[in-house]
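Breakdown of the fold
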Amino acid sequence: MHIHEGFLSPEMLAAGWAVAGIGTAIGLKKTDPDKIVRVAVFSSVFFLASLINVRVGPSSTHLSLLAPLGLVLGWSVFPAVLVALLLQAVLLQFGGFLVLGANTVDMALPGLIVHLLFSKSIRRGSGFAVAMLSFAAGFLAVVLGALGTGMFLTLSDPGLRGAVGVIFVANLPPALIEGVITLLMTEFLKKTAPDILE
Amino acid sequence: MQIDAAHIRDSERPSRLDVFDPRCRVLCAVLLAVVLASVRFLPGLLPGSLVPFLLLFAGEPKALAKMLVHVNAVTVFVWILLPITTPGPWGEGLRLALLVTCKLNLISVVLIRMIAELGMGRIDNVLSSFHFSEKMRVLLLLTMRYVFLLMDCAVTMTRAICLRAPALRGTRLYSAFACMLGTTLIHSAARAERSMLAMRCRGGMTGFARPCLLHWRPRDTLLCAFFAVNAAAVVVVCLYA
């Protein structure tokens, strides 16, 4: 889901930085200083999730954990994702520095949308309904991320439109896996540490 | 399912560029990278490749080559996909793939040499001197710390799953990994609370991220001027192409 250097036009780079900047500023303002360590922990979990390779047929993909991150952090998902992506760019050369804004929007915005749509219902609900909502949250976060990536690429260069369709289809199996992982993680957290989801 | 942690390392490496102020390195790199990102025709990249070419020799070439191999994994898909999917006359996709590959490599060389090789400590100094929010910098440093702590935890747990159930497949495999991730989250959150308590006992976050002083010298101004001239050359060539 990472966009690499060289793909985006300066206009899209600026738009990405503007949205990411606003989201991060709101996220930082809403983050209680006492909770900043917890945000750092989840940010590092997001970083490490990208190193967990899942085999899909002959190929492999990696987890993103966008939905669990969004469900737990709310608006703080923006600074958490920005920092994790910066570290990925510095330590692993995933993504890049110029595209950091666009990548943050691609990944943090789905997390925030999932938080706004599902967080309350998942916290209050129980049983099958929570399982279905968690699966939907995990699936939707990856699909929205892929759509965001596609939007940035298409608006940068219309020649990339065909490739965007392929990228979107390629993201559907990881979205299903992410849905299952989110479902299982939410059930696990609700049973063992429900305060984390508060 | 496995954790690919072999290539995590601290990126800070000694290089000839260390004589320059980190702020100057960041500013120059961003200026040239933005100009290179805006190029839409291959001739525009010719003057823009001068600085990346010089930067190849500014530090360890082997380490840079390894990073570029990693970065170029995406170009394999670009060369397969774009010629098939790009609308327009035959060859348009190949032209676009070549342009993207050149831009990716040139921008990556500039940003890796000028910014990534500064290491997180000096990047934090730069963020501080540019008046970034202290909350953000604290978050960055704490995340950096927890990445390495959690990585050990996650690697141990993944190894445990592989040893206990090497033939695990399907939903059970995902269930095991979800539990592993959940346990890691709970352990980490508890650890974070303890760390926060310890930090409060030591006087809170005041002075947690105290940066070193940076000095801007005439040679930094010269480097900025050199990059600006190079960026201007790229813009001029693009305008006339």
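Our structure is the block above this text.
Counting starts from 1 at the beginning of each chain's written sequence and moves along it residue by residue. To label them, take the chains in the order written and letter them from A, then take the ligands in the order written and number them from 1. Where local features are concerned, this predicted model is filtered to residues with pLDDT of at least 70; where side-chain atom pairs are given and counted, the filter is 80 or more; whole-chain, interface and lining totals use all residues. Water and hydrogen atoms were dropped before computing side-chain values, which therefore reflect all heavy atoms in the structure.

**Some points on the overall build of chain B**
Secondary structure counts use DSSP, requiring at least four H or I residues in a row for a helix and at least two E residues in a row for a strand, with both numbered from the N terminus. If you tally the helices and strands in chain B, you get ten helices and one strand. Seen in sequence order, chain B has helices and strands lined up from the N terminus as β-α-α-α-α-α-α-α-α-α-α. Taken over C-alpha atoms, the radius of gyration is set against a globule rule of 2.2 Å times the number of residues to the power 0.38. Whereas a compact globule of 241 residues would reach a radius of gyration of roughly 18 Å, chain B reaches 23 Å, over 25% beyond that. Referenced to the eigenvectors of the C-alpha coordinate spread, the extents of chain B come out at roughly 60 × 50 × 30 Å. Only protein chains enter the accessibility calculation, which uses a 1.4 Å probe; a residue whose area is less than 20% of its type maximum is buried, one above 50% is exposed, and one in between is partly exposed. In chain B, buried positions account for 46% of the 241 residues. The contact criterion used throughout is that any non-hydrogen atoms of two residues lie within 4.5 Å. Long-range pairs, those at least 24 residues apart, make up 82% of the contacts in chain B between residues at least 6 apart in sequence. Areas reported here follow the Shrake-Rupley algorithm with a probe of radius 1.4 Å; residue values treat only the protein chains shown as occluding. Accessible area for chain B stands at about 12,400 Å²; split by element, carbon and sulfur atoms hold 68% of it. Side chains of chain B carry 26 positive and 13 negative charges; the gap between the two charge centres is 5 Å. A positive count includes Lys and Arg, and a negative count includes Asp and Glu. His and the chain ends are not counted in either. In this description, the location of a charge corresponds to atom NZ of lysine, CZ of arginine, CG of aspartate or CD of glutamate.

**As for unusual backbone geometry**
In this structure, Leu65(A) takes a positive phi of about 55 degrees despite not being glycine. Relative to the elements of secondary structure, Leu65(A) occurs in the loop between β2 (59-62) and α3 (66-73).

**Side note on the pattern of salt bridges**
Residues and elements named next belong to chain B. Note on definitions: salt bridges are taken to be side-chain nitrogens of Lys or Arg within 4 Å of carboxyl oxygens of Asp or Glu. Counted under the stated rule, the structure contains six salt bridges over all chains. Asp-18 is the salt-bridge partner of Arg-122, the closest N and O atoms lying 3.2 Å from each other. Highlighted residues: Arg-122 in helix α7 (residues 119-129) and Asp-18 in the loop between β1 (2-3) and α1 (22-37), separated in sequence by 104 residues. Relative accessible area serves as the criterion here: at 19%, Arg-122 is assigned to the buried category. Linked by salt bridges that have partners in common, Asp-18, Arg-25 and Arg-122 make up one network.

**A few points about the environment of Asp195(A)**
All names here are of chain A. Structurally, the position occupied by Asp-195 is in the segment after α8 (172-192). You can call Asp-195 partly exposed: its relative accessible area is 45%. Spatially, the C-alpha atoms of Asp-195 and Val-72 are 9.7 Å apart, while their sequence positions differ by 123 residues.

**Quick word on the state of the cysteines**
Residues and elements named next belong to chain B. Throughout, disulfides are identified as pairs of cysteine sulfur atoms within 2.5 Å of each other. Counted by the stated rule, this structure contains zero disulfides over all chains. As a non-bridged cysteine, Cys-28 has Cys-224 as the owner of its nearest cysteine sulfur, 3.6 Å distant. There is no disulfide at Cys-102, and the cysteine sulfur nearest it, in Cys-238, is 13 Å away.

**Brief notes about the interface of chain A and chain B**
Across the contact, 66 residues belong to chain A and 67 residues belong to chain B. The largest contributions to the chain A side of the interface with chain B come from Val37(A), Leu91(A) and Gln93(A), which together make up 11% of the buried area. Distance and chemistry together define a polar contact, namely a pair of N or O atoms within 3.5 Å, with one atom able to donate a hydrogen and the other to accept it when in protein, and with adjacent residues in sequence counting only for side-chain atoms on both sides. Inspection of the chain A/chain B interface yields three residue pairs in polar contact (both at pLDDT 80 or more). When contributions to the side of chain A that touches chain B are tallied by element, the ones reaching two or more residues are α1 (10-30), α2 (36-49), β1 (52-56), α4 (77-92), α7 (161-170) and α8 of chain A. Among the elements that make up the side of chain A that touches chain B, the one with the highest residue count is α2(A) (twelve residues). By residue class, the composition of the side of chain A that touches chain B is 45 nonpolar, 13 polar and eight charged. Note on terms: buried area is the combined drop in 1.4 Å-probe accessible area of two parts once they are placed together, counting the loss on both. Gly falls in the polar group here, along with every residue not listed as nonpolar (Ala, Val, Leu, Ile, Met, Phe, Trp, Tyr, Cys, Pro) or charged (Asp, Glu, Lys, Arg).

**Points about a nonpolar patch on the surface**
Residue and element names in this part refer to chain B. Residues Leu-50, Phe-53, Leu-54, Phe-57 and Phe-226 make up a contiguous nonpolar surface patch of roughly 490 Å² in combined accessible area. When residues of the nonpolar patch are assigned to their parent elements, the largest contribution, three residues, is made by helix α3 (residues 50-56). Within the secondary structure, Phe-57 is located in the loop between α3 and α4 (61-71). Grouping into patches uses exposed residues only, defined as over 30% relative accessible area, and leaves out salt-bridged ones; the cut-off is 9 Å for like charges and 5 Å for nonpolar side chains (Val, Leu, Ile, Met, Phe, Trp, Tyr).

**Looking at empty space enclosed by the protein**
Taking a probe equal in size to a water molecule and rolling it over the atoms shows the remaining empty space. Only protein atoms enter the 1 Å grid used here. Points where a 1.4 Å probe fits but cannot escape make up a cavity, open sets with protein on both sides within 12 Å along at least five of seven lines make up a pocket, and a residue lines them when an atom lies within 4 Å of a point. Grid points are joined across faces, edges and corners, and a volume is the space filled by probe spheres set on the points. What the rule picks out here adds up to four cavities of 30 Å³ or more. Every residue along the wall of the largest cavity is listed here: Glu5(A), Ala89(A), Gln93(A), Phe94(A), Gly95(A), Gly96(A), Phe97(A), Val71(B), Ile107(B), Ser108(B), Leu111(B) and Ile112(B). Take the lining of the largest cavity: its biggest share by element is four residues, from helix α6 (residues 92-114) of chain B. Tallied by class, residues from the lining of the largest cavity come to seven nonpolar, four polar and one charged.

**Thoughts on the layout of surface pockets**
Here the second largest pocket is characterised by a volume of approximately 710 Å³. Forming the boundary of the second largest pocket are 30 residues, of which Trp17(A), Phe97(A), Leu100(A), Leu127(B) and Phe132(B) lie nearest the centre. Mapped onto the lining of the second largest pocket, the elements with two or more residues apiece are α1 and α4 of chain A together with α1, α7 and α8 (134-164) of chain B. A total of nine residues in the lining of the second largest pocket trace back to one element, the largest contributor, which is α1(A). Tallied by class, the residues present in the lining of the second largest pocket amount to 27 nonpolar, three polar and no charged.

**Things to note about α2(A)**
One fewer than the residue count of a helix, multiplied by 1.5 Å, yields its expected span. The first and last C-alpha atoms of α2(A) sit 20 Å apart over 14 residues, in line with the 20 Å expected at 1.5 Å per residue. Counted residue by residue, α2(A) has 14 buried out of 14 residues, so it is predominantly covered.

**Some details on the environment of Ile112(B)**
Tracing the backbone shows Ile112(B) in helix α6. Sequence separation of Ile112(B) and Thr184(B) is 72 residues, and the distance between their C-alpha atoms is 31 Å. Beyond its immediate chain neighbours, meaning those up to four positions away, Ile112(B) contacts Gln93(A), Leu64(B), Met67(B) and Glu117(B).

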